[in-house]
Each structure stands twice: as C-alpha cells, then as structure tokens.
Amino acid sequence: MENQLFVDCNDKGILFLEARVKCPLSDVIDNPVPCEINTLLPFKIHCADEFPLGIQLNIFDCGGIGIGVCISHKIGDALSFFHVCEYVGSHCSWGEEEIRTKYADNTSFENPTRPTRVEALSAFIWSRFVTATEARTRPDTLFSVLHLINLRTRIHPPQPEYSFGNLYSFTMTCTSMDSAGESCHNLVTQMKDSIEQINKEYVKKIQDGYNHLDYFRERTAIYGRGETLLFSFTSLCRFPLCEADFGWGIPIWAGFAAPDIKNAVTFMDTVAGNGIEAWVSLTGNDMAKFVSDKELLFYVNAPKSF
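Residues numbered from 1 in each chain as written. Predicted model: local features only at pLDDT ≥ 70, side-chain atom pairs only at ≥ 80, totals over all residues. Heavy atoms only, no water.

(A) Summary view of the pattern of salt bridges. Under the defined criterion, the tally for this structure stands at six salt bridges. Note that E119 is salt-bridged to K192, the shortest N-O span being 2.9 Å. Of this pair, E119 sits in helix 5 (residues 117-132) while K192 sits in helix 6 (residues 187-196), and the two are 73 residues apart along the sequence. As a salt-bridge pair, E295 and R128 come within 3.3 Å of each other at their nearest N and O atoms. Highlighted residues: E295 in helix 10 (residues 294-299) and R128 in helix 5, separated in sequence by 167 residues. Judged by relative accessible area, which is 25%, E295 ranks as partly exposed. (Salt bridge = Lys/Arg side-chain N within 4 Å of Asp/Glu carboxyl O. Helix = DSSP H or I, 4+ residues; strand = E, 2+ residues; numbered from the N terminus. Buried < 20%, exposed > 50% of the residue type's maximum accessible area, 1.4 Å probe, protein only.)

As structure tokens, then:
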C-alpha cells in the first residue's frame, strides 16, 4: 500500500500455506472456539503487513478440508472479500419472527414500523447487554450503537455488487434510557432514522472529501458526556459466505476467528438458511453476565461462549 490510497502490484503473488490439523473436522464444526480458529489462518489477525491476502489449506485427520483466508482491510471490505472467494472458487475445477414483533414500533397506528431481522436482533442483543451489565447505573456514560452500512447501493449511480474496496460507512445511534428503565425505548425507530441518514447526499459528501469519522465526532459532541461506550453490529446476512466452491463442493460450515475488539456483534446466516448466528465479542466479565441472562437463553438456540 502507498499512502493508504494506492495498491502497488509487485506480481509476487500471495501467501499460501498447507497445514495438517491433528483432529477431525467435526471438532471444529461441533464446538467452534474462535481463538483456536485463529490457528487455521495464514497469519495473525491485524498482522497482514507483507501480504494483503493469504490462504491456508488445513487438512484434518479425517480427510476433511478447511480453508482459512485473510485479507487486509486496507484493500477491501467484507463483501469484497466474499466475492474474491466466490471468484476464485468459480475458476477452480477441483428463531426470529417473535423478536421482530417484540421490537416493532406500534406507536403509529397507520404506519407501524416493522423491523428487519438485523434491526430486531440488534435491539434484542443490545437490551440483554444493557440489562446483564447493569448499564443503567452509569448515567454519565454515552451509549452508542453502531451499524456498518454497505454504500454500493447508496452511491449515485449505484455501484455493481462486485465492486471491490472499502465501500462502507457506519451509523451511530445514541440510545435512550427512559425513567421506566426500558433500554430499547424506540430503539428500532432510532436505528432506522440513523440508517436513512446514510443517503446519496451523505455519500456525495464523502466523495467530496468528508471523513465519515467526523460524523462520529459530531454525534458524540452533541451529547457532551464524558465516557463513551460503543457497541457495534455488522451484518453479513445474505452475503455469499458459503457459495465459494473450490472443487470439493460448497462449505458445510463457515465461521470467524477471535477479533481483538470487544463490544462487537457479527450476524451471519446459518448454512441451512433457517436462522441467524450472532458472533458476540465482549470482555470476559461482561460475557459471563451476558450468557447467563434468562431472556437471552429463552430465545437463543444452544448458545456457546469462549
């Protein structure tokens, strides 16, 4: 990378490794541990300095195969990454309805707000985090919910789905805690309003040089509180996560390594397509409280924590 703006292609190719894994593939699929999944990757997370892309072919004792892929965020976002996997593969010949109703905004009789799957699950997970960690006892803290937004369809004219690069921004919703203690009061409506602000006019500002990090600073300055707690959501739902076929058929499972950041949630469709997985990253203390929340356990199917 040159000045974080240009990719200097030196034709040296990418890093490719082969590894033998002393366990059956089922051990990873049945009990995925993100920090152990890191060993299936070609290099450490956030350490892709020499190579912008790396692939590790993992061969398990049972004969199963797992492919670990890393891409530098300097050159592309998640959708770019999945399309690269799809493209390479094509050239190789070898529980949600009840929660959506729960968080619908019915204050308007004529135009009730029906949340999307991601909005409903964001509100639900945020509410359980706030309750489990007793966030209401911190009145001087500004709580902000972030959502990463794909800009490809918001650019004028819209960009092709296969456009490569970091074509994303984020919204920031400063949540309210009303006197009754309901942490998700109108949260879905607030999130929708924030997402609607990422429109063609906003994207034009970015194209004209506006730094979207200034949006975060401006929003934070409005509330003027001391400490800020950020909780981010990323949705990879409907991304071609399991569509890359490298010659052995489509994957029977896909997952993520352990991130270095906390207070972050990534949504992805289950391989069967009948639900959503939420990969939640919290501090150890917060995670212990979060996975013990009774309402969370009521809705979640077989939660696992690491």
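Here the narrative resumes.
(B) Fine view of helix 5. Over its 16 residues, helix 5 runs 22 Å from end to end, which matches the ideal 22 Å to within 8%, given 1.5 Å per residue. Along helix 5, 15 of the 16 residues are buried, which leaves the element largely enclosed by surrounding structure. At the exit of helix 5 stands E134, carrying a positive phi of roughly 55 degrees. (Expected span 1.5 Å × (residues − 1).)

(C) Seen up close, the environment of S232. Inspection of the secondary structure puts S232 in strand 6 (residues 227-235). Dropping the residues within four chain positions of it, S232 is found in contact with L146, N263, A264 and V265. (Contact = heavy atoms within 4.5 Å.)

(D) Summary view of the sheet that holds strand 5 (residues 168-174). One open sheet accounts for five strands, arranged 5-4-6-7-8; its pairing is mixed. Each edge of the sheet is formed by a strand with only one pairing partner; in this case those strands are strand 5 and strand 8 (276-281). The mean inter-strand angle of the sheet, taken between neighbouring strand axes irrespective of direction, is 20 degrees. For strand 4 (residues 141-150) and strand 5, the ladder comprises seven bridges, and the chain directions are antiparallel. Bridge pairing in strand 5 places H147 opposite T171. Those strands touched by helix 5 are strand 4, strand 6, strand 7 (264-269) and strand 8, and its axis lies near 145 degrees from that of strand 6. (Pairing = 2+ DSSP bridges. Axes fitted to C-alpha atoms, helices over the stretch in contact; angles between N-to-C directions.)

(E) Focus on the environment of V291. Tracing the backbone through its elements, the reader meets V291 in the loop between helix 9 (284-290) and helix 10. Judged by its relative accessible area of 24%, V291 is partly exposed. Between the C-alpha atom of V291 and that of F129, which follows or precedes it by 162 residues, the distance is 9.4 Å.

(F) Representation of the state of the cysteines. Considering all chains together, one arrives at zero disulfides under this definition. For C23, which is in no disulfide, the shortest distance to another cysteine sulfur is to C62 and amounts to 8.0 Å. (Disulfide = S-S within 2.5 Å.)

(G) Region of the structure containing the environment of N199. Within the element layout of this structure, N199 appears in the loop between helix 6 and helix 7 (200-207). The spacing of N199 and T153 is 46 residues in sequence and 9.5 Å in space, taken between C-alpha atoms. A polar contact of 3.2 Å, which involves the side chain of N199, links it to the backbone nitrogen of E201. At 2.9 Å, the side chain of N199 and the backbone nitrogen of Y202 are in polar contact. (Polar contact = N/O pair within 3.5 Å; in protein donor to acceptor, adjacent residues only side chain to side chain.)

(H) Region of interest: the nonpolar core. Within the largest apolar cluster, 25 residues are counted, with the highest numbers of intra-cluster contacts made by I125, W126, F129, F231, F233, F267 and F290. Of all elements in the fold, only helix 5, strand 4, helix 6, strand 6, strand 7 and helix 9 reach the threshold of two or more residues within this core. For this core, the element with the most residues is helix 5, which contributes eight residues. Excluding anything up to four places from it in sequence, F129 contacts L229, F231, N263, L282, D286 and F290. The next biggest cluster of nonpolar side chains, apart from the first, holds 14 residues, and it includes L146, L151, M172 and C174. (Core = buried A, V, L, I, M, F, W, Y, C linked by side-chain atoms within 4.5 Å.)

(I) A nonpolar patch on the surface, seen in detail. Together, I65, I67 and W248 make up a nonpolar patch on the protein surface, roughly 250 Å² of accessible area in all. Among the secondary structure elements, I65 is positioned in strand 3 (residues 65-71). What makes I65 partly exposed here is its relative accessible area of 32%. (Patch = residues over 30% accessible without salt bridge, like charges linked within 9 Å, V, L, I, M, F, W, Y side chains within 5 Å. Areas by Shrake-Rupley, 256 points an atom, 1.4 Å probe, with all protein chains shown as cover.)

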